[in-house]
Amino acid sequence: MFAVKELTHRYTDRFALQDINIDFPKGEIISIIGPNGSGKSTLLRLMAVLLKCQRGQIIIDGKNVADQNRKSLAKQLTMLPQTQDLTLDFTVRELVEFGRQPHKRTWAALTTEDREIIDWAMSLANVQSYANESLTSLSGGERQRAWIAMVLAQQTEYVLLDEPTTFLDIVHQLEILDVVQKINQQYRRTVIMILHDLNQAAQYSDRLIVMKEGSVYQQGHPKEVFTEKMFAEVFGIPVSIHEMDGKPMFIPKKGKREGKKECIL
Ligand code: ADP
Ligand code: MG
């Protein structure tokens, strides 16, 4: 299990997270949702040890991450950040090879097993047909799948994804979510991701964590979390809740939105 305990994080001028306690059970798809600025990326970056933990604990399978080195952590978890470097001039295959780094000695050549895993990751993410093309020549959806393939090649128990579908069109969004579902269902990986699309989050996740202003507002099964009250209190919008194929979904209602105050300059 991945757990965070009493996690608090402060950037220079303000708190981004306050007293966060969450258990992420193994084998589930867990999505973190919440308005912009509610602390989702900060939480995921702390969990991936990309940000230094100031107060609280991050525990993976009973061990505090603070007591482990980077290489050992990279065998347990991998993280796809919200924005990637768009100018990286690597081929898809070269990018995916980076995923094997934690598993080999520095400068050691890739083994046959590494190459098999790289091919497996590329085929799962459906990027094999452009394996030798430069990342810079790909469309947004293709490039995102290449990054997902790199994440898969790392073969970790925990996969952390920060908004993997944002900026993609609906077909490419669903392709990414289908890969996510496959690595969870076929390969039993635990996926912890931030999703912008709330209906997709409800459809694909076993559990939702709702963030509001740096705190956890609610966590639970999508059906427990999707309520008119939650949408009003967290997102400031009136909605109606429906069900499709056993999954909850919301439709915004016309009416007064109490979300962000307009900034009048
Ligand atoms: P989310 O991912 O939910 O949009 P973030 O975790 O990115 O939220 O941000 C939470 C809060 O912390 C926001 O108010 C944001 O402006 C602030 N913040 C994020 N990153 C930094 C940073 N590097 N330095 C200062 N403040 C930051
Ligand atoms: Mg974010």
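Brief notes about the environment of His196
So, step 1. Within the element layout of this structure, His196 appears in the loop between β8 (190-194) and α7 (198-204).
So, step 2. Judged by relative accessible area, His196 falls into the partly exposed class, the value being 43%.
So, step 3. Considered as a pair, His196 and Met249 are 53 residues apart in the sequence and their alpha carbons are 14 Å apart.
So, step 4. Residues contacting His196, with those up to four places away along its chain left out, are Asn36, Glu163 and Thr166.
So, step 5. Within the local environment of His196, its side chain forms a polar contact with the side chain of Glu163, the two groups lying 3.5 Å apart.

A few points about the pairing of β8
So, step 1. Counting buried positions along β8 yields 5 of 5 residues, so the element is predominantly enclosed.
So, step 2. What you see with β8 is no split at all: Thr190, Ile192 and Ile194 on one side and Val191 and Met193 on the other are buried throughout.
So, step 3. Note that strand β3 (residues 29-33) and β8 share 4 bridges and pair parallel. The residue bridging Ser31 from the neighbouring strand is Met193, located in β8.
So, step 4. Inspection of the sheet shows strand β7 (residues 158-162) paired to β8 by 5 bridges, in the parallel sense. For Leu161, the partnering residue across the bridge sits in β8 and is Met193.
So, step 5. In this fold, β7 hands off to helix α6 (residues 170-185), which returns the chain to β8; that crossover is right-handed.

Details of the packing of helix α4 (residues 112-124) against helix α5 (residues 140-153)
How two helices sit against one another is set out by the angle between their axes and by the gap between those axes.
So, step 1. The N-to-C vectors of α4 and α5 enclose an angle of 140°; their axes lie 8 Å apart at closest approach. Of the possible angle classes, the one that applies to α4 and α5 is oblique. Judged by the twist between their axes, the crossing of α4 over α5 is right-handed. For the pair α4 and α5, the contacting residues are Ile117, Trp120, Ala121, Met122 and Leu124 in the first and Ala149, Leu152 and Ala153 in the second.
So, step 2. Counted by class, the contact of α4 with α5 contains 8 nonpolar, no polar and no charged residues.

Conventions used here
Residues numbered from 1 in each chain as written. Chains lettered and ligands numbered in written order. Predicted model: local features only at pLDDT ≥ 70, side-chain atom pairs only at ≥ 80, totals over all residues. Heavy atoms only, no water. Helix = DSSP H or I, 4+ residues; strand = E, 2+ residues; numbered from the N terminus. Buried < 20%, exposed > 50% of the residue type's maximum accessible area, 1.4 Å probe, protein only. Contact = heavy atoms within 4.5 Å. Polar contact = N/O pair within 3.5 Å; in protein donor to acceptor, adjacent residues only side chain to side chain. Pairing = 2+ DSSP bridges. Right-handed = clockwise from strand over helix to strand, strands pointing away. Axes fitted to C-alpha atoms, helices over the stretch in contact; angles between N-to-C directions. Parallel < 35°, antiparallel > 145°, perpendicular 65-115°, else oblique. Left-handed = near helix turned anticlockwise from the far one by under 90°. Nonpolar A, V, L, I, M, F, W, Y, C, P; charged D, E, K, R; others polar.

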